[in-house]
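Observations on chain architecture
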Amino acid sequence: MKQVRKLAALTCLLLSLQATAQHWTADGKGYYEAEDNGIVLYTLPAFSSKVVIEKAKLTPAGSTAPLKVRNFSFSEDGKKALIYTNTQRVWRQDTRGDYWVLDLNTGSLRQLGKGKPVSSLMFAKFSPDGNKVAYVSEHNVYVEDVKNGAIKALTTDGTDRMINGTFDWVYEEEFDCRDGFRWSPDSKHIAYWQIDARQIRNYLMLNTTDSIYSFNVPVEYPKVGEAPSPCKVGVVDITTAKTTWMQVPGDSRQHYIPRMEWANNTTELILQQLNRKQNESKIFLCNSTTGAARAIYSETDKAWIDIKARWADDPTGWEWLNNGKNFLWVSEKDGYRHIYLVSRDGKSEKLVTSGKYDIITIQAIDDKTGNIYFMASPDNATQKYLYRVNISGGEATLLSPATQKGTHGYEVSPSGAYAMHSFSSANSLPMQEWVSLPAHTALPGTEKHASRRPGTPVYPVEFFQVTTEEGVTLDGWMVKPANFDATKKYPVLFNVYTEPASQTVKDSYGTGSTRLYSGDIAADGYIQISLDGRGTPAPKGAAWRKAIYRNIGQVNIRDQALATKKILEWPYVDSSRVAVWGWSGGGSTTLNLLFQYPDIYKVGISIAPVANQLTYDNIYQERYMGIPQENREDFINGSPVTHAKDLRGKLLLIHGTGDDNVHYQNTEMLINELVKHNKVFQLMSYPNRTHAISEGEGTSQHLKSTFTEFLRRNCPGGGR
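Sequence order as written defines residue numbering, which begins from 1 separately in each chain. With the structure being a predicted model, the display of local features is reserved for residues of pLDDT at least 70 and the display and counting of side-chain atom pairs for 80 or more, all residues being used for whole-chain, interface and lining totals. Values shown for side chains rest on all heavy atoms present in the structure; no hydrogens or waters enter the calculation.

1. With respect to the side chain of E433
Here E433 lies in strand β34 (residues 428-436). Exposure categories follow from relative accessible area, calculated using a 1.4 Å probe and restricted to protein chains: below 20% of the type maximum is buried, above 50% is exposed, and the middle band is partly exposed. Only four residue types enter the tally: Lys and Arg on the positive side, Asp and Glu on the negative side; His and the chain ends are excluded. Between Lys or Arg on one side and Asp or Glu on the other, a salt bridge is scored when a side-chain nitrogen of the former is within 4 Å of a carboxyl oxygen of the latter. No salt bridge forms around the buried E433; measuring N to O, its nearest opposite-charge neighbour K448 is 12 Å away. Discounting chain neighbours no more than four positions away, the residues touching E433 are A419, M420, H421, H440, A442, T446 and E447. Counting from the N terminus, the helices are DSSP H or I runs at least four residues long and the strands are E runs at least two residues long. Any two residues whose heavy atoms approach within 4.5 Å are treated as being in contact.

2. Brief notes about the UniProt feature "domain: Peptidase S9 prolyl oligopeptidase catalytic" (unreviewed entry) in the protein
UniProt positions are given in the numbering used here, feature names are shortened, and annotations may be inferred rather than shown by experiment. UniProt's entry tags residues 522-714 with the feature "domain: Peptidase S9 prolyl oligopeptidase catalytic" (unreviewed entry), counted in the numbering of this structure. Structurally, residues 522-714 comprises 42% helix and 18% strand, and the distance from its first C-alpha atom to its last is 17 Å.

3. Regarding the UniProt feature "domain: Dipeptidylpeptidase IV N-terminal" (unreviewed entry) in the protein
Per the UniProt annotation, the sites labelled "domain: Dipeptidylpeptidase IV N-terminal" (unreviewed entry) are residues 75-427. Between the C-alpha atoms that bound residues 75-427 the distance is 44 Å, and the span itself is 2% helix and 47% strand.

4. Overview of the sheet that holds strand β20 (residues 255-262)
On the basis of which strands lie adjacent, the open sheet formed by four strands has the order β20-β21-β22-β23 and antiparallel pairing. The sheet is open, and its two borders are formed by β20 and β23 (293-300), each paired with just one other strand. Taken pair by pair, the neighbouring strands of this sheet meet at an average axis angle of 20°, ignoring direction. Note: two strands are recorded as paired if DSSP finds a minimum of 2 bridges between them. All axes are obtained by fitting lines to C-alpha atoms, using only the stretch in contact for helices, and the reported angles, taken between N-to-C directions, cover 0 to 180 degrees.

5. Focus on the packing of aromatic side chains
Aromatic pairs are defined between Phe, Tyr and Trp rings, using the six-membered ring for Trp, whenever the two ring centres lie within 6.5 Å; interplanar angles under 30 degrees are classed as stacked, those over 60 as edge-to-face, and all others as tilted. As enumerated under the stated definition, the model contains 35 aromatic pairs in all. Look at Y31 and W434: their rings are 4.7 Å apart centre to centre, the planes differ by 10°, and that puts the pair in the stacked class. A residue pair is termed long-range when its members are at least 10 positions apart, and Y31 in strand β2 (residues 30-35) and W434 in strand β34 qualify at 403 residues. In this pair, the class of Y31 matches that of W434, namely buried. An angle of 75° between the planes, with centres 4.9 Å apart, marks the rings of Y620 and Y624 as edge-to-face. Taken together, the positions of Y620 and Y624, both in helix α5 (residues 618-625) and four residues apart, correspond to about one turn of that helix. Every member of this aromatic cluster is reached through a ring pair, and the members are W169, Y221, W304, Y549, Y616, Y620 and Y624. We count a charge as sitting over a ring when the NZ of a lysine or the CZ of an arginine lies within 6 Å of the ring centre and within 35 degrees of the ring normal. The side chain of K232 reaches across the aromatic face of W245, ending 4.1 Å from its centre. In this structure, K540 is placed above the aromatic ring of W544, and the distance from its NZ or CZ to the ring centre is 4.1 Å.

6. Observations regarding the environment of E470
Mapped onto the elements of the fold, E470 is located in the loop between β37 (462-467) and β38 (473-479). On a C-alpha basis, the gap between E470 and P640 in space is 23 Å, while along the polypeptide they are 170 residues apart. The contacts of E470, once residues within four sequence positions are left out, are R534, R558 and L562. Counting of polar contacts relies on pairs of N or O atoms within 3.5 Å, with two restrictions inside protein: one atom must be capable of donating a hydrogen and the other of accepting it, and residues adjacent in sequence are counted only when both atoms are side-chain atoms. Within polar-contact distance, the side chain of E470 engages the side chain of R558 at 2.5 Å.

7. A look at the nonpolar core
Take the buried Ala, Val, Leu, Ile, Met, Phe, Trp, Tyr and Cys residues and link them wherever side-chain atoms come within 4.5 Å; each set so joined is a nonpolar core. Grouped together as the largest cluster of nonpolar side chains are 47 residues, with contacts concentrated most on Y171, F175, V233, L269 and L271. Elements supplying a minimum of two residues to this core: α1 (169-175), β15 (189-196), β16 (202-207), β18 (231-237), β20, β21 (268-275), β22 (280-287) and α5. Setting aside chain neighbours within four positions, we find Y171 in contact with D176, C177, I195, C231, Y256, I257 and I619. Among the nonpolar cores identified, the runner-up in size contains 40 residues, and V472, L568, V578 and V641 belong to it.

8. Description of helix α8 (residues 665-676)
Given 3.6 residues per helical turn, the α-helix brings residues three or four places apart onto the same face. Between its first and last C-alpha, α8 extends 16 Å over 12 residues, near the 16 Å set by a 1.5 Å rise per residue. Listed as buried for α8 are Q665, N666, T667, L670, I671 and L674. On its buried face, α8 sits against β16, α4 (585-596), α7 (640-643), β43 (650-656) and β44 (682-686). A helix's residues, less one, multiplied by 1.5 Å, set its expected span.

9. Description of the pattern of salt bridges
A full pass over the atoms with the stated rule returns 37 salt bridges. A salt bridge links E54 to K57; the shortest N-O distance between them is 3.6 Å. Overall, E54 belongs to the partly exposed group, its relative accessible area being 34%. With a relative accessible area of 29%, K57 lands in the partly exposed category. A salt bridge links E332 to R337, with the shortest nitrogen-to-oxygen separation between them at 3.8 Å. The buried category is assigned to E332, whose relative accessible area is 9%. Overall, R337 belongs to the buried group, its relative accessible area being 5%. A single salt-bridge network, built from bridges that share partners, covers D301, D306, R310, E332, R337, D358, R545 and K546.

10. Thoughts on the state of the cysteines
The disulfide criterion is simple: two cysteine sulfur atoms within 2.5 Å. Under the defined criterion, the tally for this structure stands at zero disulfides. Here C177 is not cross-linked by a disulfide; its sulfur's nearest cysteine counterpart is in C231, at 8.4 Å. The exposure class of C177 is buried, given its relative accessible area of 7%.

11. Comments concerning the sheet that holds strand β29 (residues 371-376)
Adjacent strands of a sheet pair through backbone hydrogen bonds, lying either parallel or antiparallel. As summarised here, the arrangement of the four strands in space is β28-β29-β30-β31, forming an open sheet in which the pairing is antiparallel. Among the strands making up the open sheet, the edge pair consists of β28 (359-366) and β31 (397-398). Bridge count for β28 against β29 is six bridges, and the pairing is antiparallel. The partner of A364 across the bridge, within β29, is Y373.

12. Points about the environment of W318
Of note, W318 is situated in the loop between β23 and β24 (320-321). Each C-alpha atom of the pair W318 and P258 lies 12 Å from the other, and the pair is 60 residues apart in sequence. Setting aside residues no more than four positions away along its own chain, W318 makes contact with R259, E261, I270, L271, Q272, I283, K308, F327 and W329.

13. A closer look at the packing of helix α3 (residues 555-567) against α4
Following both chains from N to C, one finds α3 and α4 inclined at 65°, their axes separated by 10 Å at the closest point. Once α3 is placed against α4, the crossing between them reads as right-handed. Across the interface between the two elements, N556, I557, Q560 and A561 from α3 touch T589, N592, L593 and Q596 from α4. In terms of residue class, the contact of α3 with α4 is built from three nonpolar, five polar and no charged. The handedness criterion is simple: a crossing whose near helix is rotated anticlockwise from the far helix by less than a right angle is left-handed, and one whose near helix is rotated clockwise is right-handed. Classification used: nonpolar for Ala, Val, Leu, Ile, Met, Phe, Trp, Tyr, Cys and Pro, charged for Asp, Glu, Lys and Arg, polar for all others including Gly.

14. Focus on the packing of α5 against helix α6 (residues 628-638)
Axis separation between α5 and α6 bottoms out at 11 Å; the angle between their running directions is 75°. Of the possible angle classes, the one that applies to α5 and α6 is roughly perpendicular. Contact with α5, carried on its side by Q621, E622 and M625, involves P628, N631, D634 and F635 of α6 and no other residues of that element. Residues belonging to the contact of α5 with α6 are distributed by class as follows: three nonpolar, two polar and two charged. The scheme is simple: roughly parallel for angles under 35 degrees, roughly antiparallel for over 145, roughly perpendicular for 65 to 115, oblique for anything else.

Set out below in structure tokens:
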């Protein structure tokens, strides 16, 4: 139910500023980048460059064209490179493809996985000693000798439902888990996840357009209320192919293991276990030889506990410090998201960041100095800034320029000496530069600015706060119509999301645009507004975010409606022309606002909504709503289908029939309820389109045209 993935398309405006596959050197003094002439090493701060892999070396024997490098990595000794190419999408990302090994000394280039299907290899990586490469193909883990190409299967039971070394749909969608195996530091073992999805039922999508006879498209999809797939972690000996399973206690169908790594040595694993409700977290140290598991750290919450994917860009890895004597952990146990330093045995912990603010994400850790770089915005929940704190104690230091108000982003080097810095605000174009830290000094000649398309109209985005009659203060943004006249009344279009997966009110470039409107919406006389209420992941403390627990479709809807009532008191807002739109969770919110508050909202455009909360996946829905066998009434009370009988305004319902995320059955269930109560509405179904509704020639433009025509017809623009 997360905000549709293609919202990230706003970042495409930054493509001219971004490099392709880019990786820091181990010492953090430079980086590698794939370019047209090969793979280039840049050394900082002078940016002296050296082509370390020429284009010719990337051309396979018998071919005239070099490999198209999607990504790459080097062996630890720097003598070999692994090239990732010919990639294919698995659900959300291109995680399947072909891999080639290049010997930098001899120049030999050899494809891995001989005999395996084309583009079937996943997550290939060198062993630490550089002698072997491990990868997943068709749900089995393999190891291949770099010198002679000998391939050994380390698992053989992989099927479409017995998944080794990677994850099923729901683990990927909700935990960002994809790469499911780890080399041991001594290159002798591999730790891996196994997901047994055999008990999960298929959701059958129906394809009626790609052949004369329709056919089913099955997706293994655990609906809310269904027990999770059993998950376990094993350690396989690469010589014997024998697996030792970690003896994590508890019913494997009532817990999750979202994190696992080697515990900074060759004899132990460290992993996190979440109970099914995701309100109890335990960390275990496991003996990799015997499988014995020992709990070292635990935490409980009245609502839910977020995992690493919420506070780190990369959900892999474990944040060890002091040569493995301590690790970092992030918790909301004191009411805010803070960093803790925990001893290896879990018996002692120290609060590293403190105060009434949230860290947003950890950007980098320098083990040598004990410095931690993190994003936060203590004074404005719509912005982001870089801070640094040391584990020895003291206040966090702001590193981002205080004069640049908005949203900062950083790719910090392993040493913390350099970073690629990006900045934008709702009213300024994105820029990017290289900086040295901690002084945040720009490296000369590196600044780049995005350019605006000629003729593109520019309208200022205004940020504001509104406090409801219940004392809840919401952040909002607004774009007023062109040639605004405060003596006239204008229609208002609200963009909503309001669920735990995303904010809509951010002081960053792209905020303030109604991307589905075909034309100039401000020139056509609409006020555009978005509000973030309780339940959104704004850095305002745990109580703000977790107020929505067991209340999706209720507390977030009430916050929006009561804030809108205040906005309707503004003299230039026309209360007879109030429209709302949203996608995914925002589509659900649109429906609930239109149904539950028909006196306020007159027009709604709902795209790919969850109309019935009992249809969505178990990890997301149970995290925020509980288990329906225990509190089914909360799911029913918050579902739009329950309130459809109260529709009085104009509704446009849009959904792709091939949506594997929010299934089209939601729209069909809602249609039945609307028909039952003789509620007239408009429907636009897109055959076989996914949750993004982007596939197929002309789809995106048609969606815009449909959106725009409906809005103009039912909520005409212009001041009156």
